[in-house]
Amino acid sequence: MNPYILAILLFGLGLGTTITFASSHWLLAWMGLEMNTLAIIPLMAQHHHPRAVEATTKYFLTQAAAAATLLFASVTNAWLTGQWEIQQITHPLPSTMITLALALKIGLAPLHAWLPEVLQGLDLTTGLILSTWQKLAPFALILQLQPSNSTLLIILGLTSTLIGGWGGLNQTQLRKILAYSSIAHLGWMILILQFSPSITLLTLLTYLIMTFSTFLVFKLNKSTNINTLATSWAKAPALTALTPLILLSLGGLPPLTGFMPKWLILQELTKQGLTPTATLAALSALLSLYFYPRLSYAMTLTISPNNLTGLTPWRLPSTQLTYPLATSTAMTICLLPLTPAISALLIS
């Protein structure tokens, strides 16, 4: 892609998200979301592969449906209450419609079916943008909205954690596994949103760091399915030794960074008297903890399934910049000891 066009598209992505962040009016927020969608579509379709074009079409239709629902709900709210302010959603009907529209935008279960299919059709770089940056603007709106319907949020959260765990169990494609992992993490964030928005933000931040690391590892190894992971030990031995720690952190296993948000969320849910919800969420985390060690096993403890030496990929020196990967890997593995300091900051 022409670097000038790429720069304009990336600028459009940043501008769309910034407009949504800064807006207090529904029309402006909707405009930011639309700019975001229109800026990423050429990035998704740039390889002109049938799968990429199919993924782009699915993404466009889904986002258009969500944006139309959002606009309809905000117009309904203006009609019922005379208010266009984001924080003035008082009527339950537009509030529920907007929550569901934003859930469709970020891929919360049961409105998640588009996410694995779309992510599977993209290259790893665009998939990384879709899994991280594209979640920010809708999340800013959900945080501002503070939906009054608490039952809806808990149902969305629990369904997402369960489906995110179950869906990834029988997958062999890494991008689909990461899509279900994304659904599960978003479920945890939505679950705690109404009780502690600060913990939601912390969970979002740790999710972004861990997903960034995982995508960069797969990109460095040029891996798109479980079988190709087995050849990574010959390309980058040190990174292959660290990758299981990144994956287990994504699963939320102590003493890694990913355990921190889960620990704080379960603690907060128990304080709120929602022990059954916390138990269900913890059990759903065990589902995710099956497929992350499965990837670790394939990567570090198995030999490539190719019998012919000619099928082994060339081990050429990588041209990828490794500083971002090194930084995010260190953060993915080592931040758990900072939990008391982070908790003190959240409480203050």
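- As recorded by an unreviewed UniProt entry, the chain carries the name NADH-ubiquinone oxidoreductase chain 2 and is attributed to Tropheus duboisi.
- The UniProt entry for the chain carries the following text under Catalytic activity (unreviewed entry): "a ubiquinone + NADH + 5 H(+)(in) = a ubiquinol + NAD(+) + 4 H(+)(out)".

Brief notes about the overall build of the chain
Part 1 of the reasoning: For the chain, the helix and strand inventory stands at 17 helices and 0 strands.
Part 2 of the reasoning: What you see for the chain is a C-alpha radius of gyration of 20 Å, in line with the 20 Å of a compact globule of 348 residues.
Part 3 of the reasoning: Over its C-alpha atoms, taken along the principal directions, the chain stretches across nearly 70 × 50 × 35 Å.
Part 4 of the reasoning: Long-range pairs, those at least 24 residues apart, make up 78% of the contacts in the chain with a sequence separation of at least 6.
Part 5 of the reasoning: With the model as given, the accessible surface of the chain reaches about 15500 Å², and the carbon-plus-sulfur share is 71%.
Part 6 of the reasoning: One way to put it: in the chain the 13 positive side-chain charges average out to a point 15 Å from where the 6 negative ones average out.

Description of helix H16 (residues 323-334)
Part 1 of the reasoning: For H16, which comprises 12 residues, the first-to-last C-alpha distance of 17 Å matches the rise-based estimate of 16 Å (1.5 Å per residue) to within 8%.
Part 2 of the reasoning: Along H16, the positions that sit buried rather than exposed are Leu325, Ser328, Thr329, Thr332 and Ile333. Along H16, the residues classed as buried sweep out an arc of 130° about the axis, all on the same side. For H16, exposure combined with an orientation more than 90 degrees from the buried face picks out Tyr323 and Cys334.

A closer look at the packing of aromatic side chains
Part 1 of the reasoning: Overall, the coordinates contain 3 aromatic pairs when judged by the stated rule.
Part 2 of the reasoning: Judged by centre distance (5.8 Å) and plane angle (15°), the rings of phenylalanine 259 and tryptophan 263 are stacked. Pair noted here: phenylalanine 259 and tryptophan 263 are both in helix H14 (residues 259-271), with a separation of 4 residues, about one helical turn.
Part 3 of the reasoning: Assessed through its relative accessible area of 25%, phenylalanine 259 is described here as partly exposed.
Part 4 of the reasoning: Aromatic pair phenylalanine 291 and tyrosine 292: ring centres 4.8 Å apart, planes at 50°, arrangement tilted.
Part 5 of the reasoning: Among the residues examined, phenylalanine 291 registers a relative accessible area of 0% and is labelled buried.
Part 6 of the reasoning: Its relative accessible area of 2% is what places tyrosine 292 among the buried residues.

Things to note about the pattern of salt bridges
Part 1 of the reasoning: As enumerated under the stated definition, the model contains 3 salt bridges in all.
Part 2 of the reasoning: Close ionic contact of glutamate 54 with lysine 58 constitutes a salt bridge, the shortest N to O distance being 2.7 Å. With glutamate 54 and lysine 58 both in helix H3 (residues 50-81), this residue pair falls 4 residues apart, about one helical turn.
Part 3 of the reasoning: Residue classification places lysine 58 among the partly exposed residues on the basis of a relative accessible area of 30%.
Part 4 of the reasoning: For the salt bridge of glutamate 117 with lysine 176, the shortest nitrogen-to-oxygen distance reads 3.4 Å. Here the residue glutamate 117 occupies a position in helix H5 (residues 114-120), and lysine 176 occupies one in helix H9 (residues 174-192), the gap between them amounting to 59 residues.
Part 5 of the reasoning: Overall, the relative accessible area of 30% leaves glutamate 117 in the partly exposed class.
Part 6 of the reasoning: A single network of salt bridges, built from pairs that share partners, joins Glu54, Lys58, Glu117 and Lys176.

Side note on empty space enclosed by the protein
Part 1 of the reasoning: The final tally for this structure, using the stated rule, is 3 cavities of 30 Å³ or more.
Part 2 of the reasoning: In this structure, the largest cavity spans a volume of roughly 90 Å³.
Part 3 of the reasoning: Considering the residues around the largest cavity, the lining is formed by 13 residues, among which Tyr59, Gln63, Lys105, Gln134 and Pro138 are closest to the centre.
Part 4 of the reasoning: Per element, the largest residue contribution to the lining of the largest cavity is 4 residues, and it comes from helix H7 (residues 133-145).
Part 5 of the reasoning: Residue composition of the lining of the largest cavity, by class: 7 nonpolar, 4 polar and 2 charged.
Part 6 of the reasoning: There is about 50 Å³ of room inside the second largest cavity.
Part 7 of the reasoning: Forming the walls of the second largest cavity are Ala184, His185, Trp188, Leu250, Gly251, Lys262, Ala285, Ser288 and Tyr292.

Criteria and cut-off values
- Position labels on residues start from 1 in each chain and follow its written sequence.
- Confidence filtering applies because this is a predicted model: local features only for residues at pLDDT of at least 70, side-chain atom pairs given and counted only at 80 or more, and all residues used for totals across whole chains, interfaces and linings.
- To obtain the side-chain values, all non-hydrogen atoms of the structure were included, while hydrogens and water were left out.
- UniProt positions are given in the numbering used here, feature names are shortened, and annotations may be inferred rather than shown by experiment.
- Helix numbers and strand numbers start at the N terminus; a helix is a DSSP run of H or I with at least 4 residues, a strand a run of E with at least 2.
- What the globule rule says is 2.2 Å times the number of residues to the power 0.38, and the radius of gyration is computed from C-alpha atoms.
- Whether two residues are in contact is decided by their heavy atoms, any of which lying within 4.5 Å being enough.
- To measure how exposed things are, a 1.4 Å probe is used in the Shrake-Rupley method; for residues, cover is taken only from the protein chains shown.
- In this tally, Asp and Glu contribute negative charge and Lys and Arg positive charge; neither His nor the terminal groups of the chain are included.
- In plain terms, the charge of a residue is placed at NZ if it is Lys, CZ if Arg, CG if Asp and CD if Glu.
- To estimate the expected span of a helix, subtract one from its residue number and multiply by 1.5 Å.
- Only protein chains enter the calculation, and the probe is 1.4 Å; a residue is then buried if its accessible area is under 20% of its type maximum, exposed if over 50%, and partly exposed in between.
- The arc in question is formed by the directions pointing from the helix axis toward the C-beta atoms.
- The pairing test for Phe, Tyr and Trp rings, Trp by its six-membered ring, is centres within 6.5 Å, and the orientation test on the planes gives stacked under 30 degrees, edge-to-face over 60, and tilted for anything in between.
- What makes a salt bridge here is a side-chain nitrogen of Lys or Arg within 4 Å of a carboxyl oxygen of Asp or Glu, nothing more.
- Only protein atoms enter the 1 Å grid used here. Points where a 1.4 Å probe fits but cannot escape make up a cavity, open sets with protein on both sides within 12 Å along at least five of seven lines make up a pocket, and a residue lines them when an atom lies within 4 Å of a point.
- Grid points are joined across faces, edges and corners, and a volume is the space filled by probe spheres set on the points.
- Residues are grouped as follows: Ala, Val, Leu, Ile, Met, Phe, Trp, Tyr, Cys and Pro are nonpolar; Asp, Glu, Lys and Arg are charged; every other residue, Gly included, is polar.

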